[in-house]
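The lines below spell out each chain.
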Amino acid sequence: MQQDELKKAVAWAALDYVAAGTIVGTGTGSTVAHFIEALGSIRDKIKGAVSSSEASSAQLKKFAIPLFDCNQVDGLDIYVDGADEINPQKQMIKGGGAALTREKILAAIARKFICIVDASKQVDVLGKFPLPVEVIPMARTYVSRQLIQLGGKPVHRQHVITDNGNLILDVHNLRISDAVALEDKINGIAGVVTVGLFARRAADVVLVAAAGGIKVIG
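Read on for an overview of the structure. In this text the structure is predicted, and so the values were computed from the model without any measurement.

To continue, consider the nonpolar core. In globular proteins that are soluble, nonpolar side chains generally tend to be buried together. Membership of the largest hydrophobic core comes to 25 residues, with the highest contact counts inside it found for Val18, Phe35, Leu39, Ile116 and Leu207. Listed by contribution, the elements that provide at least two residues to this core are helix H1 (3–13), helix H2 (30–40), strand E3 (76–81), strand E6 (110–118) and strand E12 (205–210). Per-element tally for this core: the top contributor is H2, with five residues. Ignoring sequence-local partners within four residues, the contact set of Leu39 consists of Leu15, Val18, Val24, Thr26, Ile46, Leu60 and Ile65. Leu131, Val171, Ile186 and Ala199 belong to the second-largest nonpolar core, a separate cluster that totals 20 residues.

With that out of the way, let us pick up the pattern of salt bridges. What the rule picks out here adds up to seven salt bridges. For Asp170, the salt bridge identified is with Arg157, shortest N-O distance 2.7 Å. Remark: Arg157 occurs in the loop between strand E8 (153–156) and strand E9 (167–172) and Asp170 occurs in strand E9; sequence separation between them is 13 residues. Judged by its relative accessible area of 12%, Asp170 falls in the buried class. Taking the shortest distance from any N to any O, the salt bridge between Asp204 and Arg201 comes out at 2.9 Å.

About the cut-offs
- Residues numbered from 1 in each chain as written.
- Predicted model: local features only at pLDDT ≥ 70, side-chain atom pairs only at ≥ 80, totals over all residues.
- Heavy atoms only, no water.
- Core = buried A, V, L, I, M, F, W, Y, C linked by side-chain atoms within 4.5 Å.
- Buried < 20%, exposed > 50% of the residue type's maximum accessible area, 1.4 Å probe, protein only.
- Helix = DSSP H or I, 4+ residues; strand = E, 2+ residues; numbered from the N terminus.
- Contact = heavy atoms within 4.5 Å.
- Salt bridge = Lys/Arg side-chain N within 4 Å of Asp/Glu carboxyl O.

And the structure:
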């Protein structure tokens, strides 16, 4: 199977976790785009969705799925999103689509976080994929210096402004053996909005698409 076919297969598999009458949290990215399409097929069975990005919101509207603001809900039954990398502990690097802050908020309020990936996203140690960090614009050079002290090589993602009006630094050359500790260190730097490490709030269930079918890691 081609990679896009794997993404579609795992996205549709996530429908098994969507309960009738609930509000579903949706992430951002190419795999989630397939999930939103799948969600459109059962839109009459759910109350609606809370979106992590303007791009996903536009797609939800396209499929006539009612949109709720995050502040309108007490929590989410499930949150479904992809990952740029995921390790055996179900910890992730996210933020390739620059929606990491809103994604982290939805993961925090969800009772169950379902991560949908193809097998190419599985790694033993996080860090080959550059680690995104959302930064307030005036703090870009300061945060960059702090990230260098942590052993990384930060690169400003050019021509990208997040939905929150901030910048993205992509940190290269990291081998992340203790994802929770690094998440805490980077989040503690003044000017950082959030880091794309989802370690303190890892996935509850991971659905992995491979040539042989869908593997469930729970």
